[in-house]
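Residue-level structure breakdown
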Amino acid sequence: MSDFEPKIVAFFCNWCTYTAADLAGTSRMKYAPNIRVIRVMCSGRVDPQFVLEAFAKGADGVLIGGCHPGDCHYQRGNYKARRRILMLQRVLEEFGIEKERLRLEWISASEGDKVRKVANDMTEQIARLGPLRRGDEHG
Amino acid sequence: MKVSIDPISRLEGHGRIDIFLDEKGDVENAYFRVPELRGFEKFCMGRLGEEMPQLTSRICGVCPIAHHFAATKALDACYDVEPPRAARKLRELMYNGSFIYDHTLHFYFLGGPDFIVGPHAPKAERNILGVINKVGLEIGKEVIKHRAYGQRIAEIIGGKSTHPVCGIPGGMSKPINEEERSEIEKMAESAINFARFSLKTFEDIVLKNKEYLDMILSDTYKLTTYNMGLVDENNKVNFYDGKIRVSDPEGKEFLKIEGKDYLGAVEERMEEWTYVKLPYLKGVGWKGWKDGKESGIFRVGPLGRLNASEGMATPLAQEEFKKMYETLGRPVHNTLAFHWARLIELLYASERTLELSRDPEITSQNLRATPGKPGEGIGVVEAARGTLIHHYKLDERGLVERANLIVATTNNAPAICLSVKKAAFGLIKNNNVSDGLLNMIEMAFRAYDPCFGCATHSLPGQMPLEVKIHDSHKRLIRIVKRD
Amino acid sequence: MSMAEKLKLAMYWAASCGGCEISIVDLNEKILDVIKVADFVFWPVAMDFKYSDVEAMPDKFIDVCLFNGAIRSSENEHIAHLLRRKSKILIAYGACAYNGGIPGLANITNRQGMFDTVYKTISTNQNTLPKISARVPEGELELPQLYDTVKSLAQVVDVDYYVPGCPPAPKIVEASIDAIASGKLPPKGSVIGPSKALCEECPREKTDKKITAMKRTFEGMPDTKKCLLEQGYLCMGPATREGCGTPCINANMPCTGCSGPADDVTDQGAKMMSALTSVLALEGEENVSEENVLKMIQEFPDPMGVFYKYTMPTSTLKRRVMK
């Protein structure tokens, strides 16, 4: 288990979180390399199908980063993301997948340090949970 | 050496018959086995209670309306709500309409071809198409038309005929209007004539044919058992509601109980060679694979119901009821008489559908009563194939905590096994296992119109049960326990 | 048409309820037209042909096989392979063969989970259980092995076409039979039916989605003219393929999703989750606290059963991971 390296797929919104990740990069902040970032225009763009597919194809965790409520570039996208991800977490638990493996964080463009903290924290948490067990033929 | 009939045909569901022959080519033993299982009682746990009418109807697409209303009645009990009288009538109207379809389907499509084209007819002709060839296109079209009428009645009231949606705790989802009511009335009138014609056909083709009559009366196709069915307050057959009545092999009343007390009257057991469970009367006990007064094996479905009752509630059906018992004696233990009883029920269902379609309340819009708090409840109906019981326990959010379903054909499973065994012993000798003879063995189960999708919804499982019975002042008057 | 030219049809049921069989019988008089151009060579509900008759057929003897029911046992899978070999065209007919169907809900458990219920039974001979191979005095009797996981037909064999619905609606059945009889079949792998969501076909008035709270189907009295989802009743219409004629909605009950997803969607449940959460408590969403959002979502009863009622085996995750 100690050499288990979690694979975490991250969907970061272009306007806030992705910019923050850039800032973390230009500020030379070091953080866990387990996060694979995919840029989307808004956290509200993240279709639950993306998350499920990520889990089905090998991700041990999925992180979604968006603007703080009230600050969405498209006004209301993150409100939908909030409701959507909460519902998806419930359904994931029904599928036997721990809800901690799906995480939604509000990270604004200036919060490079928060990107670092969340990445490290989530990597550690997933490492403790272990690799995602996918349901095979026998459950 | 082993001869297998695989799969059995002209029924709902999966099954196989395995016959062991000794060196002389005579039957050592015959086993009727059910190889399927889907697990409804397990995966319904955690589901919304009000989804059960639509979930459980997928146990069987031939008799979905039976499950739909057993479930709906169970929900009424769980939510402690009495549907408005008009809703009750509308449910019963749809229920009887579905019997028109189901019993017509069985006689002409499933079991009847054996008589109409003959049990030894070539395989390719022993089916509805062979029947149409034999009776001619005119009559064939009448058969198709009336089966469709039964479906249409369900579709009008329930949205869909297969897997309807109208049953809710406390009532029905929508009313019917005058145009729809009138359409149902006309269909019911036609169905009555069609049922009478079918009974006449049975008389001409079957009863007046010596070979068939001998088959019916033969020991090969006879089983002396207890009989069970729902009856109204006059002990007449009722499909939608009533008390459970059991008569013994001599025709005397053995017990008469409320549906919710069924669980105290029946036990079940397992065998290693079949997935279906095997119920029997607790008060008599399991005495092995035999029939008779000492054995707890009982039968449900048309013959079971008619034997367990004292008549039919509508006039034309009652005449036919009397005729059958005058011809065959009372009670009737001849398995093939299930076909006759089924046609009598087709006539009753048609008459009852007409009665209800003319009820002044049937187009009422007052179809919903407000449910109370969710709890535990039992719903009992007579499916076409026999007594059907749904028993649910809902949690405080109305989700299913546990469900137990005791299904019509399961009740008949031991009798079916015995009937097949007897038929094999009676018919197969000296290695003669022709297609026609094997088909005659299948006729032994077809008479029951079994529904093995129903019978194998789940693995055996019962839940500890405690039913608290309160009177109208909410005083606890009785606790019925089973654990 | 001479005998040699008649199409050879077969229809088989795996883990099925028989409703799909009935949907064909519900062709009523049209069945007489069908048999002018086709013969049924295997159809256990209505005809006496046995497995041995199918085994004796040359490969690709059957022109079109309508296979309904999910794959839940070794027998179901065995016959799926057998019929694939013997058929030119194999159609996954109905929700169970296409999506897994309601029996697919058993993917929240496995065989052991179902068997555990058995040990708590009060059957009088509790230690006797069905066996795959049982010894009786005369010899041995075999039963099929039940699988832990329910599968759709395409998850075990190559499938040519899919017919949606539970059961397929009359319009869809007719379209399928017409396509088969005329030989004018769509590209391989197609679903026979229109491609948009049910809302397209639904006759109800659709205005603004301002749902403040969800209602259970027996709560209140649904207005018969307005969109059910707008009234707070959970209707799967937005995530469900159109083509059935909306019979459930016409009976004043919401759609439960039996036709499966529309084109280009892999996970119907995910789509409905997305659609519902987009519009639930839309009014004043900017003022709702995190806590109250959480509460609203937590109170939603049984998302699994509602969103994945017919499609769990073919959803992205397919089944629950058992501990």
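Sequence order sets the numbering: in each chain, residues are counted from 1 along the sequence as written. Ligands are numbered from 1 and chains lettered from A, in the order in which they are written. Only residues with pLDDT of at least 70 get local features here, since the model is predicted, and only at 80 or more are side-chain atom pairs given and counted; chain-wide, interface and lining totals rely on the full set of residues.

Comments concerning the overall build of chain C
Only DSSP runs of H or I with at least four residues qualify as helices, and only runs of E with at least two residues qualify as strands; both kinds are numbered from the N terminus onward. Check the secondary structure of chain C and you find eleven helices and nine strands. With respect to the principal axes defined by its C-alpha atoms, chain C has extents near 70 × 55 × 30 Å. Each residue is classed by its C-beta neighbour count within 10 Å, where at least 20 other C-beta atoms makes it buried, 12 or fewer makes it exposed, and intermediate counts make it partly exposed; the C-beta atoms are placed from backbone geometry. The buried share of chain C, taken over its 323 residues, is 51%.

Remarks on the sheet that holds strand β3 (residues 61-66) of chain A
All names here are of chain A. Two strands qualify as a pair provided DSSP detects at least 2 bridges between them. On the basis of which strands lie adjacent, the open sheet formed by four strands has the order β2-β1-β3-β4 and parallel pairing. Only two strands of the sheet have a single partner each, and these edge strands are β2 (35-40) and β4 (102-106). Direction aside, neighbouring strands of the sheet carry axes that sit 20 degrees apart on average. Here strand β1 (residues 8-13) runs beside β2; their pairing, made up of six bridges, is parallel. Only the stretch in contact is used when fitting a helix axis, every axis being a line fitted to C-alpha atoms; angles between N-to-C directions are given from 0 to 180 degrees.

Remarks on the domain arrangement of chain C
In this document the domain limits rely on a domain assignment from an automatic tool or a database. Splitting chain C by domain gives domain 1 (3-103 + 156-182), domain 2 (110-146) and domain 3 (198-314). Inter-centroid distance (C-alpha atoms) of domain 1 of chain C to domain 2 of chain C is 31 Å.

A few points about the interface of chain B and chain C
For an interface, size is often stated in terms of accessible area lost upon the parts coming together. By the convention adopted here, residues make contact when the C-beta atoms placed from their backbones lie within 7 Å. On the side of chain C, 67 residues touch chain B, which itself brings 75 residues to the contact. Residue assignment for the side of chain B that touches chain C shows that the elements contributing at least two residues are β2 (16-21), β3 (27-33), α1 (40-43), α2 (52-56), α6 (128-135), α7 (137-158) and β9 (266-269) of chain B. The dominant element in the side of chain B that touches chain C, judged by the number of residues it contributes, is α7 of chain B, at five residues. Gly is placed with the polar residues, together with every amino acid not listed as nonpolar (Ala, Val, Leu, Ile, Met, Phe, Trp, Tyr, Cys and Pro) or charged (Asp, Glu, Lys and Arg). Classifying every residue of the side of chain B that touches chain C gives 28 nonpolar, 20 polar and 27 charged.

With respect to the pairing of strand β6 (residues 133-136) of chain C
Residue and element names in this part refer to chain C. Across four bridges, β6 lies against strand β7 (residues 139-142) in antiparallel orientation. Residue pairing in the sheet places Arg135 in a bridge with Glu140 of β7. In this structure, the hairpin formed by β6 and β7 is closed by a connection of two residues.

Some words on the interface of chain A and chain C
Listed as interface residues are 29 residues of chain A and, on the opposing side, 27 residues of chain C. At the level of secondary structure, the elements contributing two or more residues to the side of chain A that touches chain C comprise α2 (48-56) and α3 (77-94) of chain A.

Points about the confidence of the model for chain C
The pLDDT value tells you how sure the predictor is about a given residue, anywhere from 0 up to 100. On average, chain C scores 91 in pLDDT, and the residues at 70 or more come to 95%. Interface confidence for the predicted complex, given as ipTM, is 0.94, next to a pTM of 0.92.

As for unusual backbone geometry
Look at the link from Asp6 of chain B to Pro7 of chain B: it is a cis peptide, with omega at -5 degrees. Note on placement: Pro7 of chain B falls in the loop between β1 (2-5) and β2. In this chain, Arg330 of chain B is followed by Pro331 of chain B through a cis amide linkage whose omega measures 0 degrees. For Gln75 of chain A, which is not glycine, the phi torsion reads 75 degrees and is therefore positive.

Focus on the nonpolar core
Counting 297 residues, the largest nonpolar core has Ile344 and Val420 of chain B together with Ala10 and Phe67 of chain C as its most contacted members. Ranked by residue count, the leading element in this core is helix α4 (residues 85-110) of chain B, at 14 residues. Among residues more than four places away in sequence, those in contact with Ile344 of chain B are Leu306, Met312, Ala317, Glu320, Phe321 and Met324 of chain B. Here a nonpolar core is just a set of buried residues of the types Ala, Val, Leu, Ile, Met, Phe, Trp, Tyr and Cys, joined wherever their C-beta atoms sit within 7 Å.

Points about the sheet that holds strand β13 (residues 386-394) of chain B
Residues and elements named next belong to chain B. The three strands are arranged β12-β13-β14 in an open sheet whose pairing can be described as antiparallel. Lying at the two open borders of the sheet, with one neighbouring strand each, are β12 (376-383) and β14 (400-406). Neighbour to neighbour, the strand axes of the sheet diverge by 15 degrees on average, direction disregarded. Bridge count between β13 and β14: six bridges; the pairing is antiparallel. For His390, the partnering residue across the bridge sits in β14 and is Leu405. Helix α3 (residues 64-78) contacts β12 and β13 of the sheet and is inclined by roughly 150 degrees relative to β12. Taken strand by strand, helix α13 (residues 408-427) contacts β12, β13 and β14, and its axis lies near 130 degrees from that of β13.

Quick notes on the environment of Glu351 of chain B
Residues and elements named next belong to chain B. Looking at the element boundaries, Glu351 is found in helix α12 (residues 338-357). Taking the C-alpha atoms as reference points, Glu351 and Lys73, separated by 278 residues in sequence, lie 23 Å from one another. Among residues more than four places away in sequence, those in contact with Glu351 are Ile192, Thr314, Leu316 and Ala317.

Describing helix α4 (residues 74-86) of chain C
Residue and element names in this part refer to chain C. Expected span of a helix: the number of residues minus one, times 1.5 Å. The end-to-end C-alpha separation of α4 is 18 Å, in line with the 18 Å expected for 13 residues at 1.5 Å each. Those residues of α4 that sit buried are Glu75, Asn76, Glu77, Ile79, Ala80, Leu83 and Lys86. Buried positions along α4 lie against β1 (7-13), α3 (51-55), β3 (62-68), β4 (71-73) and β5 (87-93).

Structural notes on the packing of α2 of chain A against helix α9 (residues 268-279) of chain C
Two quantities define a packed helix pair, namely the angle between the helix axes and the distance between the axes. Following both chains from N to C, one finds α2 of chain A and α9 of chain C inclined at 145 degrees, their axes separated by 8 Å at the closest point. For the pair α2 of chain A and α9 of chain C, contact is made by Pro48, Gln49 and Leu52 of chain A and by Ala270, Met273 and Ser274 of chain C, respectively. Taken together, the residues of the contact of α2 of chain A with α9 of chain C break down into four nonpolar, two polar and no charged.

Looking at the pairing of β13 of chain B
Most of β13 of chain B is tucked away: nine of the nine residues are buried. A loop of two residues connects β12 of chain B with β13 of chain B, the two strands running antiparallel in sequence.

Some details on the packing of α13 of chain B against helix α14 (residues 435-446) of chain B
All names here are of chain B. The contact between α13 and α14 brings their axes to 8 Å, and the two run at 155 degrees. On the basis of the axis angle, α13 is roughly antiparallel to α14. Here α13 runs over α14; the crossing is right-handed. Contacts between α13 and α14 involve Ile416, Ser419, Val420, Ala423, Ala424 and Leu427 from the first element and Leu437, Met440, Ile441, Ala444 and Phe445 from the second. Residue composition of the contact of α13 with α14, grouped by class: ten nonpolar, one polar and no charged. Should an angle lie under 35 degrees it is considered roughly parallel, over 145 roughly antiparallel, and from 65 to 115 roughly perpendicular; all remaining angles are considered oblique. Left-handed describes a crossing in which the near helix is turned anticlockwise from the far one by less than a right angle; the clockwise case is right-handed.

Topic: the confidence of the model for chain B
Note that predicted coordinates carrying low pLDDT should not be read in detail. Per-residue confidence for chain B gives a mean pLDDT of 90; residues scoring 70 or more make up 94%. The secondary structure element of chain B with the lowest average pLDDT is strand β15 (residues 465-470) of chain B, at 43, and the one with the highest is strand β5 (residues 171-172) of chain B, at 98.

Remarks on the environment of Gly242 of chain B
Residues and elements named next belong to chain B. Relative to the helices and strands, Gly242 resides in the loop between β6 (226-231) and β7 (243-247). The exposure class of Gly242 is buried, given the 23 C-beta atoms found within 10 Å. Through-space distance from the C-alpha of Gly242 to that of Leu230 is 5.4 Å; in sequence the pair is twelve residues apart. Beyond its immediate sequence surroundings of up to four residues, Gly242 is in contact with Leu230, Val231 and Asp232.

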